[in-house]
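# Examination of the molecular architecture
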Amino acid sequence: HLPATYLTKREVDDVLQQLNQLGIDQVLALRGDILPNMVPKEDFKYASELASYIKNHSPNIQLSGACYPEIHPESGSRVADVQNLKKKVDAGCEKLISQLFLDNDVFYQFQEACALADIQAPIIAGIMPIVNRKQALRLIKTTQTKLPRKFLAILEKYEHNPQALREAGLAYAVDQIVDLVTQDVAGVHLYTMNDAQVAQHVVANTKSL
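The text that follows walks through the structure, step by step, so that each part is easy to find. None of the values given here were measured: they were computed from a predicted structure. (Residues numbered from 1 in each chain as written. Predicted model: local features only at pLDDT ≥ 70, side-chain atom pairs only at ≥ 80, totals over all residues. Heavy atoms only, no water.)

## Topic: the pairing of strand β2 (residues 26–30)
Burial along β2 is one-sided: the residues Val27 and Ala29 are buried and none of Gln26, Leu28 and Leu30 is. For strand β1 (residues 2–3) and β2, the ladder comprises 2 bridges, and the chain directions are parallel. Paired with Leu2 across the strands is Ala29, a residue of β2. Running through helix α1 (residues 9–22), the crossover from β1 to the neighbouring parallel element β2 is right-handed. As defined by bridge partners, β2 adjoins strand β3 (residues 62–67) across 4 bridges and the pair is classed as parallel. Bridge assignment links Val27 to a residue of β3, and that residue is Leu63. A crossover links β2 with its parallel partner β3, the connecting element being helix α2 (residues 47–57), and its sense is right-handed. (Buried < 20%, exposed > 50% of the residue type's maximum accessible area, 1.4 Å probe, protein only. Helix = DSSP H or I, 4+ residues; strand = E, 2+ residues; numbered from the N terminus. Pairing = 2+ DSSP bridges. Right-handed = clockwise from strand over helix to strand, strands pointing away.)

Now the structure itself:
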């Protein structure tokens, strides 16, 4: 993945050359976070600009982009957010990977909004199994993710039982995936926070779907 904010065109050229030499042909084009103590570079302001540049200079690269079922935190409205996403797809993103969500209905509503905007790129659903209290608290404090009643009940009941919280969090994520698959989701992207056991558990419990 390439974050546009702190990259120059020359640096992107160097990365694309290295990827070509390594036989890597897939890139996730992101804007990236704006850090408070770092001044952004001027070559790319938006992910759509990076996507367009990569597509023009390395047309064989398969580009993916990020999307936000619950609206990008800096976007003023759902309409503006989807319009900007359309620009990203038109710039060359062939596939979209969503930010995490805990309410599948939010994802389905987002899919409908994209379809109305003629965004035809497949949307991969981003699922993060919440398996510990620290992870849950960080999610609550730092994101605008909708927390369904069922999920909040898990946090409340197992707040001081780490093993039970882990098992319940994994079960919740698997349940999300089962529902998504029944609705013919284009794919699922797991956010595992470098926990290989989480990935192994989810795969083992969904591989027959």
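## Things to note about the pattern of salt bridges
Applying the stated criterion across every chain, the model contains 9 salt bridges. Put simply, Lys86 and Asp90 hold a salt bridge, and the shortest N to O gap is 3.1 Å. Here the residue Lys86 and the residue Asp90 both occupy positions in helix α3 (residues 78–90), the gap between them amounting to 4 residues, near one helical turn. Among the residues examined, Asp90 registers a relative accessible area of 54% and is labelled exposed. Lys150 is the salt-bridge partner of Asp175, the closest N and O atoms lying 3.2 Å from each other. (Salt bridge = Lys/Arg side-chain N within 4 Å of Asp/Glu carboxyl O.)

## Observations regarding the nonpolar core
Soluble, globular proteins show a tendency: their nonpolar side chains are buried together. Counting 24 residues, the largest nonpolar core has Leu85, Leu96, Phe107, Ile119, Ile123 and Leu180 as the members making the most contacts within it. Only α3, α4 (104–116), β5 (123–127), α7 (162–182) and α8 (196–206) provide two or more residues apiece to this core. Per-element accounting of this core gives the leading share, 5 residues, to α4. Counting residues in hydrophobic clusters, the runner-up holds 17 residues, among them Leu7, Val12, Ala51 and Cys93. (Core = buried A, V, L, I, M, F, W, Y, C linked by side-chain atoms within 4.5 Å.)

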